Every structure is written in structure tokens, then in C-alpha cells.
Amino acid sequence: MTLNIEKPVRRFKFNGMDLKDPNQSDTPEKVKEFYAGLYPELTNAEIEGPDTKGAEGVYTFRKAVGTKGNGDAAS
């Protein structure tokens, strides 16, 4: 009897887009760095997941939400 072990398929989502997994052995952080060259907003994005859907693990890159400055001006 032969036992085949397959790694789950990883999917990455960002801003409504599906991004291919560039290298199955990379961490999700490395994948984020890989795509940050194309999508600079990923530089500060958070990684959510994986959410398991069947045989897939879905990671979502969420843009960091915040405000610039705190609104206080020096007098």
C-alpha cells in the first residue's frame, strides 16, 4: 500500500484578487514580501488565515487601516 501525502493548496487574496502561491515552501510573510513589489500597500498589510475551504488554506492580506498623525498641531 502506498500512502500519498499532499500539501494543502494555499491561496492568497488581496483587494479582491487571487494571488498565486509563488513558492509552497515560503512562509505567508515571505509571500507578502514577494508581492509587495507589485502592490506596495502590502508592505504594512496584516495576514489573516489560513481559512480552510476544502483542501485549500486561504490567506487574506488586509490593508492596515489607520490615520496619519493624531490631529494635534504644535502651538
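A.B. asks: Residue-level account of the overall build of the protein, with values.
C.D. replies: Per the secondary structure count, the protein includes one helix and four strands. Listing every helix and strand of the protein by position from the N terminus yields β-β-α-β-β. Intrachain contacts of the protein at a sequence separation of at least 6 include 33% that bridge at least 24 residues. Summed over its atoms, the accessible surface of the protein is roughly 6000 Å², and 51% of this surface lies on carbon and sulfur atoms.

A.B. asks: So, unusual backbone geometry: which residues are in play, and what are the values?
C.D. replies: Omega for the peptide link from Gly49 to Pro50 comes to 15°, which places this bond in the cis form. The phi angle at Asn15 is positive, at roughly 50°, despite the residue not being glycine. Residue position: Asn15 is located in the loop between strand S1 (9-14) and strand S2 (17-19).

A.B. asks: Explain the packing of aromatic side chains to me, and be specific about the residues and the numbers.
C.D. replies: Under the counting rule described, the total for this entry stands at four aromatic pairs. Ring centres of Phe14 and Tyr39 lie 5.9 Å apart, and the angle between their planes is 50°; this geometry places the pair in the tilted category. With Phe14 in strand S1 and Tyr39 in the loop between helix H1 (28-36) and strand S3 (46-53), this residue pair connects regions lying 25 residues apart in the sequence. The exposure class assigned to Phe14 is buried, which follows from its relative accessible area of 1%.

Here is what the cut-offs are and how they apply
Residues numbered from 1 in each chain as written. Predicted model: local features only at pLDDT ≥ 70, side-chain atom pairs only at ≥ 80, totals over all residues. Heavy atoms only, no water. Helix = DSSP H or I, 4+ residues; strand = E, 2+ residues; numbered from the N terminus. Contact = heavy atoms within 4.5 Å. Areas by Shrake-Rupley, 256 points an atom, 1.4 Å probe, with all protein chains shown as cover. Phe/Tyr/Trp six-rings, centres within 6.5 Å; stacked < 30°, edge-to-face > 60°. Buried < 20%, exposed > 50% of the residue type's maximum accessible area, 1.4 Å probe, protein only.

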